[in-house]
Amino acid sequence: MNQTFSPLLEALKQLGVDPQALERAAGEAERTERSLRAVLINDNVVTEEQLTEASALAFGIKSVDLVGYPIDPVAVAKIPFTLMLRHRVLGLSLDDNEITVGITDPGDVVALDDVRAATGLMVRPVVVARSELRRIIDRLKREENDLAGIAEMLREEQQAEAVVSNLNSVEEDAPIVRYVNSLLEQAIQNRASDLHLEPTEHDMRVRYRIDGVLHEVDTVPRHVQSALISRLKIMSSVDITERRIPQNGRITVMINGRKVDLRTATLPTVWGEKIVLRVLDTGGVNLALDNLGFTEDNYRRFSTSFTKPHGMVLVTGPTGSGKSTTLYGTLSAISKPTVNIITVEDPVEYRLPGINQVQVDHKAGLTFAAVLPAILRSDPDVVLIGEIRDRATAQLAVEAALTGHLVLSTLHTNDAPSAVVRLTEMGIEPFLVGSSVDCVLAQRLARRLCDWCKEEYVPTEAEVAAARWPVAELPRPSVLWRPVGCRSCANTGYRGRIALHEVMPMSPEIEGLTIQRASATEVQRVAEVQGMRSLRMDGLVKAAQGQTSIKEVLRVAI
């Protein structure tokens, strides 16, 4: 019997497979010069699951189930497509200078050496089932062929405009349609919050934002760019002939049996139109406030404000900091049949049952400032204003809060104390700001440590000092946690995100400072004396609890 068969056969015997059947299969493989694995599977000597488990056992490595596995698209792109097809290998995840590769035969040293040479990375093989690997590679091959088909379609046309003009009637199995559908499906399966298609001088790159970090997943030939953007414009119901000005639209798709909305935004650049799709997947978002990462004290302070019958509650932070999710969670907490809630948003991101939602339409003159008076004549109890952008909107919001309505809105400021200063800078009288604002919540999003692989360690004095740990207010941690990486988190060490909060109720002292036009620094000093926990402090508390790492806290909070 061929000695190269021995480790696999011994492993299969350990799993309880009939030794005589294994010996016959080995003899058949030697006699016919067929692969032992093919003989074992085709002759029904073992199941695919047994063969995968035995291969991992024989070589002392792990096996991975590719069903539902979070494959890192960056790792997939690291291995040239021709190499992937030749050796049937698949990049699964990246970790510094190492790539994890799925392979059915870990004894294939030629394949592993070729991957190492092509990527310039250390290779860590894991064993995967042949059928699952073939299914994924076949899908990638179809996508590659789709791109080639699009390119050929455009080359055959004298002018690309002729193709673009026919995209309205394109069939659902056309290459461009299949490729776009594949991009959207992959983005949602990888938990991406945004999909970027960015034209460059020579091609178009495709990037996903996952847990707040952008990852490049594909490049598209430049001559495909026009057809790809036009297809997305058609799906978004925007003008495909207009390339000089930005446009906004919305796409609704069915992915794995559930409806997912995507908000689209086009932007003219020097190399062509860039398009960004924001994934609004309500099926993947938990809108319950008590699941958004509030500490007990912060939740108590915040909930006190939005359970009042009137006043203004502001949520502040940069774009992508989870402000809308927090506001929707707040609406869900106060929504009931006895309460009339009306929102005005640009755009409406999540459609909530039992709530009247108004979409801003600038072309029709339906701006925040224009629609608010009409909303206030519609007998609302609660009004949500998507964003306070100008003095007119701010003035109407303040007046609504002072006339017996609960007003929820957002501002773009770096912290909670800056919000009251910002309103006065917009031209709102300080005494009106002090009287109307009831609470300000500042927010950031940090990546959450993967619960499966996070590692406990003892922090050094230098690390604690670098984090400016406030030992007077928060005991020095005896242990902290750091990211490691595993199959559950695609070897990033993080899975999902957690919010850091800074809650500032409007006390009489802060109201007095607002009327005096005090600086944000003075307001912050008084707020912290009264118990406000800064964003960084809230992050350090969550790092001490093992929810995130110190590096993540310092990345998102000053």
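Residues numbered from 1 in each chain as written. Predicted model: local features only at pLDDT ≥ 70, side-chain atom pairs only at ≥ 80, totals over all residues. Heavy atoms only, no water.

Undergrad: Just give me the short version of the confidence of the model for the chain, but keep the residues and values in it.
TA: Predicted coordinates in regions of low pLDDT should not be interpreted in detail. For the chain, the mean per-residue pLDDT works out to 84, and 91% of the residues sit at or above 70. The least confident element of the chain, judged by mean pLDDT, is helix α9 (residues 160-165) at 43; the most confident is strand β10 (residues 311-316) at 96. Predicted confidence is poor over residues 157-170, with pLDDT under 50, and the contacts of this stretch with residues over four places away or in other chains come to 20 contacts. (pLDDT = per-residue confidence, 0-100. Helix = DSSP H or I, 4+ residues; strand = E, 2+ residues; numbered from the N terminus. Contact = heavy atoms within 4.5 Å.)

Undergrad: Pulling in residues and values, what's your account of the side chain of H501?
TA: With respect to the secondary-structure elements, H501 resides in strand β18 (residues 494-505). Judged by its relative accessible area of 0%, H501 is buried. Within the structure, the side chain of H501 is placed 3.4 Å from the side chain of Q443, a separation counted as a polar contact. If we skip the residues at most four places from it in the chain, H501 touches L292, G293, F294, N298, L441, A442, Q443, R533, S534, L535, D538 and K542. (Buried < 20%, exposed > 50% of the residue type's maximum accessible area, 1.4 Å probe, protein only. Polar contact = N/O pair within 3.5 Å; in protein donor to acceptor, adjacent residues only side chain to side chain.)

Undergrad: So what's going on with the sheet that holds β18? Which residues, and what values?
TA: In spatial order, the strands read β12-β11-β13-β14-β10-β15-β18; together these seven strands make up an open sheet with mixed pairing. Every interior strand has two partners, whereas the edge strands, β12 (356-359) and β18, have only one. Each strand axis lies, on average, 20 degrees off the axis of its neighbour in the sheet, ignoring direction. Direction of pairing for strand β13 (residues 382-385) relative to strand β14 (residues 406-411): parallel, over a ladder of four bridges. Residue pairing for β14: V382 is matched across the bridge by L406. Across the sheet, helix α14 (residues 368-376) lies against β11 (341-345), β12 and β13, angled at about 170 degrees from β11, the strand it touches most. Against the sheet, helix α15 (residues 391-402) engages β10, β13 and β14, with an angle of about 135 degrees to β10. (Pairing = 2+ DSSP bridges. Axes fitted to C-alpha atoms, helices over the stretch in contact; angles between N-to-C directions.)

Undergrad: Report on unusual backbone geometry, specifying residues and quantitative values.
TA: Even without being a glycine, R88 presents a positive backbone phi close to 55 degrees. With respect to the element layout, R88 can be found in the loop between α6 (81-87) and β1 (89-95).

Undergrad: How would you summarise the packing of helix α16 (residues 417-425) against helix α20 (residues 520-529) if you had to cite specific residues and measurements?
TA: Where α16 contacts α20, the axes come no closer than 8 Å and their chain directions differ by 145 degrees. Crossing handedness for the pair α16 and α20: right-handed. Contacts between α16 and α20 pair P417, S418 and V421 from the former with A520, V523 and Q524 from the latter. Split by residue class, the contact of α16 with α20 holds four nonpolar, two polar and no charged. (Left-handed = near helix turned anticlockwise from the far one by under 90°. Nonpolar A, V, L, I, M, F, W, Y, C, P; charged D, E, K, R; others polar.)

Undergrad: Can you break down the sheet that holds strand β3 (residues 122-127) residue by residue, with the values?
TA: Pairing within the open sheet is mixed, and its three strands lie in the order β1-β2-β3. The open sheet is flanked by β1 and β3, the only strands paired with a single partner. Ignoring which end each strand starts from, the neighbouring axes of this sheet average 30 degrees apart.

Undergrad: Just give me the short version of the environment of T52, but keep the residues and values in it.
TA: Structurally, T52 is set in helix α4 (residues 48-59). Discounting residues that sit within four places of it in the chain, T52 has contacts with S63, V127, V128 and A129.

Undergrad: How would you sum up the pairing of strand β6 (residues 213-221)? Please name residues and give values.
TA: Across eight bridges, the pairing between strand β5 (residues 203-210) and β6 is antiparallel. Counted as the bridge partner of R209 is L214 from β6. As consecutive antiparallel partners, β5 and β6 are separated by two residues, and within that stretch D211 has a phi angle of approximately 55 degrees, a positive value.

Undergrad: Break down the pattern of salt bridges for me, with residues and values.
TA: Scanning the model with the defined rule gives 23 salt bridges in all. A salt bridge links E198 to R207; the nearest nitrogen and oxygen atoms lie 2.8 Å apart. Across the pair, R207 and E198 agree in class, each one buried. Between E552 and R555 there is a salt bridge, with the nearest N and O atoms lying 2.8 Å from each other. Placement of the pair is E552 and R555 together in helix α22 (residues 550-556), with a separation of three residues, close to one helical turn. The class for R555 is partly exposed, based on a relative accessible area of 44%. One network of salt bridges, with partners in common, ties together E198, R205, R207, E216 and K274. (Salt bridge = Lys/Arg side-chain N within 4 Å of Asp/Glu carboxyl O.)

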